[in-house]
Amino acid sequence: MTTPIEVRPAPDAGHRHKPAPALSALDDDALAELVGALGEPPWRARQLRQAAWQPYVASLDDIRQLPTPLREGLMARLRFITATVASERLADRGTTIKLLCALGDSQTVETVAMESPARGTSSRRATVCVSTQVGCAIGCPFCATGRMGLRRSCTPAEVIDQVRLGGQALHRHGLGPVTHVVYMGMGEPLAAYETTVASLRALAGHGGISPRRMTVSTSGVVPGIRRLGAEGLPVTLAISLHAATDELRDRLVPVNRAHPLDALIAAAGAYGRATGRRLSLEWCLIGGVNDGLDQATGLVRIARRLRAHVNVIPMNRIEGSPWGPPPADVSRAFLRHLSQAGLTVTVRDTRGGEADAACGQLRASLEPRRQLRPDGTLGPQRSGRPRS
Ligand code: SAH
Ligand code: SF4
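The structure presented is a predicted model; accordingly, all values stated were derived computationally and were not measured.

Definitions and cut-offs
- What you see as residue numbers is a count from 1 along each chain, following the sequence as written.
- By the order in which they are written, chains take letters starting at A while ligands take numbers starting at 1.
- Since the coordinates come from a predicted model, pLDDT governs what is reported: local features require at least 70, and pairs of side-chain atoms require 80 or more to be given and counted, while whole-chain, interface and lining totals use all residues.
- Side-chain metrics rest on all non-hydrogen atoms present in the structure, leaving aside hydrogens and water.
- Numbering goes from the N terminus for both helices and strands, where a helix is a DSSP run of H or I of at least four residues and a strand is a run of E of at least two.
- For each residue, the accessible area found with a 1.4 Å probe, counting protein chains only, is set against the maximum for its type, and the residue is called buried under 20%, exposed over 50%, and partly exposed in between.
- Throughout, a contact is declared for two residues whenever any of their heavy atoms are within 4.5 Å.
- Values of accessible area rely on a 1.4 Å probe in the Shrake-Rupley scheme; residue burial ignores everything except the protein chains shown.
- In this analysis, the expected span of each helix is defined as 1.5 Å times one less than the number of residues it contains.
- Pairing of N or O atoms within 3.5 Å defines a polar contact, subject to two protein rules: one partner must be a possible hydrogen donor and the other a possible acceptor, and residues neighboring in sequence count only if both atoms are side-chain atoms.
- Fitted lines through C-alpha atoms give the axes, limited to the stretch in contact for helices. The angle between two N-to-C directions lies from 0 to 180 degrees.
- Less than a right angle of anticlockwise turn of the near helix away from the far helix marks a crossing as left-handed, whereas a clockwise turn marks it as right-handed.
- Being near a molecule or strand, for a residue, comes down to having at least one heavy atom within 4 Å of it.
- Residues are grouped as follows: nonpolar covers Ala, Val, Leu, Ile, Met, Phe, Trp, Tyr, Cys and Pro; charged covers Asp, Glu, Lys and Arg; every other residue, Gly included, is treated as polar.
- By nonpolar core we mean a set of buried residues, namely Ala, Val, Leu, Ile, Met, Phe, Trp, Tyr and Cys, connected to one another through side-chain atoms within 4.5 Å.
- Angles are sorted into four bins: roughly parallel if under 35 degrees, roughly antiparallel if over 145, roughly perpendicular if 65 to 115, and oblique for all others.

This brings us to the overall build of the chain. Looking only at helices and strands, the chain features 13 helices and 14 strands. Across the 388 residues of the chain, 53% fall into the buried class. Put simply, 65% of the contacts in the chain that link residues at least 6 apart link residues at least 24 apart. In the form shown here, the chain has an accessible surface area of approximately 17,100 Å², with 53% of it arising from carbon and sulfur atoms.

Laid out in structure tokens, this is it:
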């Protein structure tokens with residue numbers, strides 16, 4: 001017989017293991033309460049919040065206008081930021097900054113910040129592309145993140161703090177401030193639904209970024225699309241379509257097996273009607289896989305029905321996959337088919353990018369786009385997405 005050993009938690013164990021709240025996740029009332037508990041009036045909370053969003057403020061120490069005892073009190077009771085930059089890489093002549101962000105448990109996610117100059121009628125913009133999950137469970141075979149599987153979802157603060165870090169990185173390079181946010185990094189935003197909606201609300205609130213300047217990209221999590229449409233948050237929705245038949249889409253975007261095309265198209269249409277936002281359809285063009293004219297015809301039918309804009313992304317090669325972009329003449333024929341049908345199409349130009357394509361989809365989401373001419377050739381470069 002064995003004697004059971006009683007394991008008692010240390011008296012303060014619960015307290016010690018509960019992390020301090022993250023500044024980015026606290027709403028204004030909660031922040032005022034915390035500051036009040038340290039004997040300071042509510043306007044100090046507003047001062048702290050404003051300062052925390054300044055791109056030149058990296059820590060509480062940088063907020064000199066706060067009294068020292070308050071700063072010290074906050075250091076013990078608040079996590080000022082939930083991620084740090086583990087590495088930074090520049091591309092596109094210094095206008096694209098790719099960050100690897102380390103989270104508290106030493107998981108990492110990728111974040112990209114990119115500045116695009118004013119061109120034509122569109123003004124200068126600085127976009128941060130955020131990750132919502134470490135890895136992804138959807139498992140699209142052409143996607144580097146899908147190959148990782150899902151480790152965990154990010155917290156809302158971790159998503160918001162990627163925008164803060166993106167803003168700081170832009171500032172270090174004389175760029176910014178952030179005008180747009182796209183949820184096109186690692187992970188499926190609508191599989192991390194609470195994180196996505198809470199972070200969108202905070203970014204639209206204390207982050208000061210209009211929902212119209214934010215885009216959520218989804219592989220087609222239909223219940224999430226329906227819920228998002230009822231949130232009163234008019235963000236742009238980008239649907240990663242990639243195939244126009246269930247047979248092919250079941251293989252390319254496995255979530256299609258649970259939520260097939262008819263359901264996806266109905267939910268996307270309802271989203272567009274509820275929010276008044278134009279939809280985007282993303283099409284990663286893969287040589288010999290979804291580049292035929294039968295697929296192009298199907299895409300035309302769906303885009304017309306949804307009155308959607310179409311973004312074609314020639315596939316970025318990923319390690320371990322034999323797939324890649326189609327030869328130029330095949331791409332041209334596919335694109336010509338779309339433009340002859342009268343669709344609004346843009347093509348993400350990946351040719352000018354850096355050689356290292358480890359972060360395929362992040363890079364693709366931010367690279368300059370080119371307008372498609374009616375003959376299927378590409379026009380001059382335009383600024384990156386999204387539109388507002
Ligand atoms: N999970 C979401 C958002 C992140 S992926 C989604 O799938 O929509 C952002 C975009 O990059 C998606 O349209 C995705 O299909 C695309 N993408 C992923 N891997 C790619 C690759 N190797 N080449 C080109 N686009 C890719
Ligand atoms: Fe996940 Fe999007 Fe990659 Fe598919 S494309 S595996 S949904 S991150």
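Now that the structure has been shown, we can carry on.
On to helix α6 (residues 156-172), then. An ideal rise of 1.5 Å per residue puts 24 Å on 17 residues; α6 measures up with 25 Å between its terminal C-alpha atoms. Counting buried residues in α6 gives 14 out of 17 residues, a clear majority hidden from the surface. Of the residues trailing α6, Gly174 is marked for its positive phi of about 75°.

By secondary structure assignment, the location of His309 is in strand β11 (residues 309-314). Between the C-alpha atom of His309 and that of Val345, which follows or precedes it by 36 residues, the distance is 6.2 Å. A polar contact of 2.9 Å, which involves the side chain of His309, links it to the side chain of Thr346.

Two numbers describe a pair of packed helices, the interaxial angle and the distance between the axes. Packing of helix α2 (residues 28-37) against helix α3 (residues 42-52) leaves a shortest axis separation of 8 Å and a crossing angle of 115°. Relative to α3, the crossing made by α2 is right-handed. On the side of α2, the interface is formed by Asp28, Leu31, Ala32 and Val35, while α3 contributes Pro42, Arg44, Ala45, Leu48 and Arg49.

The immediate surroundings of ligand 2 are formed by Cys136, Ile138, Gly139, Cys140, Cys143, Gly146, Gly187 and Ser219. Split into classes, the residues belonging to the shell around ligand 2 amount to four nonpolar, four polar and no charged.

Taken together, 19 residues lie around ligand 1, and Phe142, Gly187, Ser217, Ser240 and His242 are the ones closest in. Ser217 places a side-chain nitrogen or oxygen 2.6 Å from an oxygen atom of ligand 1. Between ligand 1 and Thr218, the relevant distance is 3.5 Å, taken from an oxygen atom to a main-chain nitrogen or oxygen of the residue. Burial of ligand 1 by the surrounding chains reaches 96%, relative to a free accessible area of 530 Å².

Here we take up unusual backbone geometry. Following Gly176, the chain continues into Pro177 via a peptide bond in cis, with omega recorded as 0°. The residue Pro177 is located in the loop between α6 and β7 (180-183) in this model. Positive phi, normally seen in glycine, also occurs at Asp92, with a value near 50°. Looking at the element boundaries, Asp92 is found in the loop between β1 (83-91) and β2 (96-103). For His242, which is not glycine, the phi torsion reads 65° and is therefore positive. Here His242 is to be found in the loop between β9 (236-240) and α9 (246-252). What makes His242 buried here is its relative accessible area of 5%.

A word on the nonpolar core. Val181, Leu228, Leu281, Val310 and Leu338 are the most contacted members of the largest nonpolar core, which has 82 residues in total. Ignoring any residue separated from it by four or fewer positions in sequence, one finds Leu228 in contact with Leu190, Tyr193, Val197, Leu200, Val235, Leu237 and Tyr271. By size, the runner-up hydrophobic cluster in this structure holds 17 residues, among which are Leu26, Leu31, Ile63 and Leu70.

Contact geometry of helix α11 (residues 293-306) with helix α12 (residues 328-340) gives a least axis separation of 9 Å together with a crossing angle of 30°. Between α11 and α12, the angle is such that the two are roughly parallel. For the pair α11 and α12, the sense of crossing is right-handed. Facing α11, whose interface residues are Leu293, Gln295, Ala296, Thr297, Leu299 and Val300, α12 presents Ala333, Phe334, His337 and Leu338. For the contact of α11 with α12, the class distribution of residues is seven nonpolar, three polar and no charged.

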